[in-house]
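Analysis of the macromolecular model
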Amino acid sequence: ETGVTQTPRHLVMGMTNKKSLKCEQHLGHNAMYWYKQSAKKPLELMFVYNFKEQTENNSVPSRFSPECPNSSHLFLHLHTLQPEDSALYLCASSRGLAGSSGANVLTFGAGSRLTVL
Amino acid sequence: EDKVVQSPLSLVVHEGDTVTLNCSYEVTNFRSLLWYKQEKKAPTFLFMLTSSGIEKKSGRLSSILDKKELSSILNITATQTGDSAIYLCAVADSGAGSYQLTFGKGTKLSVIP
């Protein structure tokens, strides 16, 4: 248990469905992230929130909509996804922004495996 | 655009062998390099290397940063089946006030008895 909890662990959805991924961290961190991990590709940063404010949106399609109501919770709302969106979605948190100092190392959740039919 | 390349992409060794995993990078403003181990679940942090800390060691694992060659290696000695995982390398770029991590594709290590 890393202190970052993601639900659901597995999700199968049709292209017309609306679903949400949830992430909760119990580490007292201030920054939270969504990453996408596809087969044979590097981890792709999707969104970054620092103190609940979005600081990065890496050209992610609007069918992915993040929400960060507080520093402990992060959601990824999914709507009209495509089969190529099937991947492992990893949530992570850090005390400050990643890589800025030795204290700001990413802690990852176990991921939500998404399959879009 | 920042770039991180890991090699080899996959590796199969026998228990007891020593392995060396490579990571090379091209970033605008290097801040730090991180190694993670990913089994079936969450990537877990191994080491962070910076200009002021270019060598780290923990048990059978060690890592060195070569800033001149823009690369890092991760060594695992006396490998065990529990070392089987994907090893991820990431580099932090502090350019433009933004701290982003760029990840490589990972090296999949399989340790067979």
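For the structure, see preceding data.
Since the structure is predicted, the reported quantities are computational estimates derived from the model, not experimental observations. (Residues numbered from 1 in each chain as written. Chains lettered and ligands numbered in written order. Predicted model: local features only at pLDDT ≥ 70, side-chain atom pairs only at ≥ 80, totals over all residues. Heavy atoms only, no water.)

1. Brief notes about the overall build of chain B
What counts, and what does not: Under the DSSP-based scheme used, a helix requires at least four consecutive residues in state H or I and a strand at least two consecutive residues in state E, with every element numbered from the N terminus. Any two residues whose heavy atoms approach within 4.5 Å are treated as being in contact. Calculation of accessible area relied on Shrake-Rupley with a 1.4 Å probe; when residues are assessed, cover is drawn exclusively from the protein chains displayed. By the counting rule applied here, Lys and Arg register as positive and Asp and Glu as negative, while His and the ends of each chain are not counted. Taken as the charge location is NZ of Lys, CZ of Arg, CG of Asp or CD of Glu.
A count of helices and strands for chain B gives 0 helices and 11 strands. Walking chain B from its N terminus toward its C terminus, one meets helices and strands in the order β-β-β-β-β-β-β-β-β-β-β. Referenced to the eigenvectors of the C-alpha coordinate spread, the extents of chain B come out at roughly 50 × 25 × 20 Å. The long-range share in chain B, meaning contacts at least 24 apart out of those at least 6 apart in sequence, stands at 56%. As presented, chain B carries roughly 5600 Å² of accessible surface, and 50% of it is formed by carbon and sulfur atoms. In chain B, which carries 12 positive and 11 negative side-chain charges, the distance between the mean positions of the two groups comes to 5 Å.

2. Things to note about the sheet that holds strand β6 (residues 55–58) of chain B
Residues and elements named next belong to chain B. As a reminder, the rule being used: Should DSSP find at least two bridges between two strands, the strands are taken to pair. Angles run from 0 to 180 degrees between N-to-C directions of axes, and those axes are lines fitted to C-alpha atoms, restricted for helices to the stretch in contact.
Strand order across the open sheet formed by 5 strands is β1-β3-β8-β7-β6, with antiparallel pairing between neighbours. Two strands lie at the open edges of the sheet, namely β1 (3–7) and β6, each paired on one side alone. Taking each pair of neighbouring strands and ignoring which way they run, the sheet shows an average axis angle of 15°. Both strand β3 (residues 19–26) and strand β8 (residues 71–76) contribute to a ladder of 6 bridges, which runs antiparallel. Within the sheet, the bridge partner assigned to Ser 24 lies in β8 and is Ser 71.

3. Examining the layout of surface pockets
Applied cut-off: Computed over the protein atoms alone on a 1 Å grid, cavities are sets of points where a 1.4 Å probe fits but cannot get out and pockets are open sets with protein on both sides within 12 Å along at least five of seven lines; a residue lines them when it has an atom within 4 Å of a point. Grid points are joined across faces, edges and corners, and a volume is the space filled by probe spheres set on the points. Residue classes follow a fixed rule: Ala, Val, Leu, Ile, Met, Phe, Trp, Tyr, Cys and Pro count as nonpolar, while Asp, Glu, Lys and Arg count as charged, and any other residue, Gly among them, counts as polar.
Taken as a whole, the largest pocket encloses approximately 660 Å³ of empty space. Lining the largest pocket are 27 residues, and of these Gln 37 and Arg 113 of chain A together with Gln 38, Glu 39 and Ile 86 of chain B sit closest to its centre. Counting residues per element, the ones that place at least two in the lining of the largest pocket are β9 (85–93) and β11 (107–112) of chain B. For the lining of the largest pocket, the leading source of residues is β11 of chain B, giving 4 residues. Looking at the lining of the largest pocket residue by residue, the classes come out as 8 nonpolar, 10 polar and 9 charged.

4. Focus on unusual backbone geometry
Across the junction of Thr 7 of chain A and Pro 8 of chain A, the peptide omega takes the value -10°, indicating a cis bond. Take Pro 8 of chain A: it is sitting in the loop between β1 (4–7) and β2 (10–13). Between Ser 7 of chain B and Pro 8 of chain B the backbone carries a cis peptide bond, its omega angle lying at -10°. We note that Lys 52 of chain A has phi near 70°; this positive angle belongs to a residue other than glycine. On the secondary structure map, Lys 52 of chain A appears in the loop between β5 (44–50) and β6 (53–57). Here the phi dihedral of Thr 80 of chain A falls at roughly 50°; this positive angle occurs in a residue that is not glycine. Relative to the elements of secondary structure, Thr 80 of chain A occurs in the loop between β8 (73–79) and β9 (87–94).

5. Some thoughts on the packing of aromatic side chains
Defined as follows: Only Phe, Tyr and Trp rings are paired, with Trp represented by its six-membered ring, and only when their centres lie within 6.5 Å; those with planes under 30 degrees apart are stacked, over 60 edge-to-face, the remainder tilted. For every residue, the accessible area obtained with a 1.4 Å probe (protein chains only) is divided by the maximum for its type, and the residue is called buried under 20%, exposed over 50%, and partly exposed between those limits.
One pass over the full model with this rule turns up 9 aromatic pairs over all chains. Ring centres 6.4 Å apart and planes at 35° place the aromatic pair Tyr 33 of chain A and Tyr 35 of chain A in the tilted group. One exposure class covers both Tyr 33 of chain A and Tyr 35 of chain A, and it is buried. For the ring pair Tyr 25 of chain B and Phe 30 of chain B, a centre distance of 5.0 Å and an interplane angle of 20° mean the geometry is stacked. In this structure Tyr 25 of chain B comes out as buried when scored by relative accessible area, which is 4%. Taking relative accessible area as the criterion, Phe 30 of chain B reaches 18% and is therefore assigned buried. Each member of the aromatic cluster is reached from another via a ring pair, and the members are Tyr 33, Tyr 35 and Phe 108 of chain A together with Tyr 36, Phe 45 and Phe 103 of chain B.

6. With respect to the state of the cysteines
Keep this limit in mind: When two cysteine sulfur atoms lie within 2.5 Å, the pair is treated as a disulfide.
Summed over the entire model, instances satisfying the criterion amount to 2 disulfides over all chains. Each sulfur of the disulfide joining Cys 23 of chain A and Cys 91 of chain A lies 1.9 Å from the other. On the sign convention where negative is left-handed, the bridge of Cys 23 of chain A and Cys 91 of chain A, at about -75° about the S-S bond, is left-handed. Here the residue Cys 23 of chain A occupies a position in strand β3 (residues 18–25), and Cys 91 of chain A occupies one in strand β9, the gap between them amounting to 68 residues. Disulfide pairing is shown between Cys 23 of chain B and Cys 89 of chain B; the S-S distance is 2.0 Å. Judged by the sign of its S-S torsion, about -70°, the cystine formed by Cys 23 of chain B and Cys 89 of chain B is left-handed. Of this pair, Cys 23 of chain B sits in strand β3 while Cys 89 of chain B sits in strand β9, and the two are 66 residues apart along the sequence. The same class applies to Cys 23 of chain B and to Cys 89 of chain B, which are both buried.

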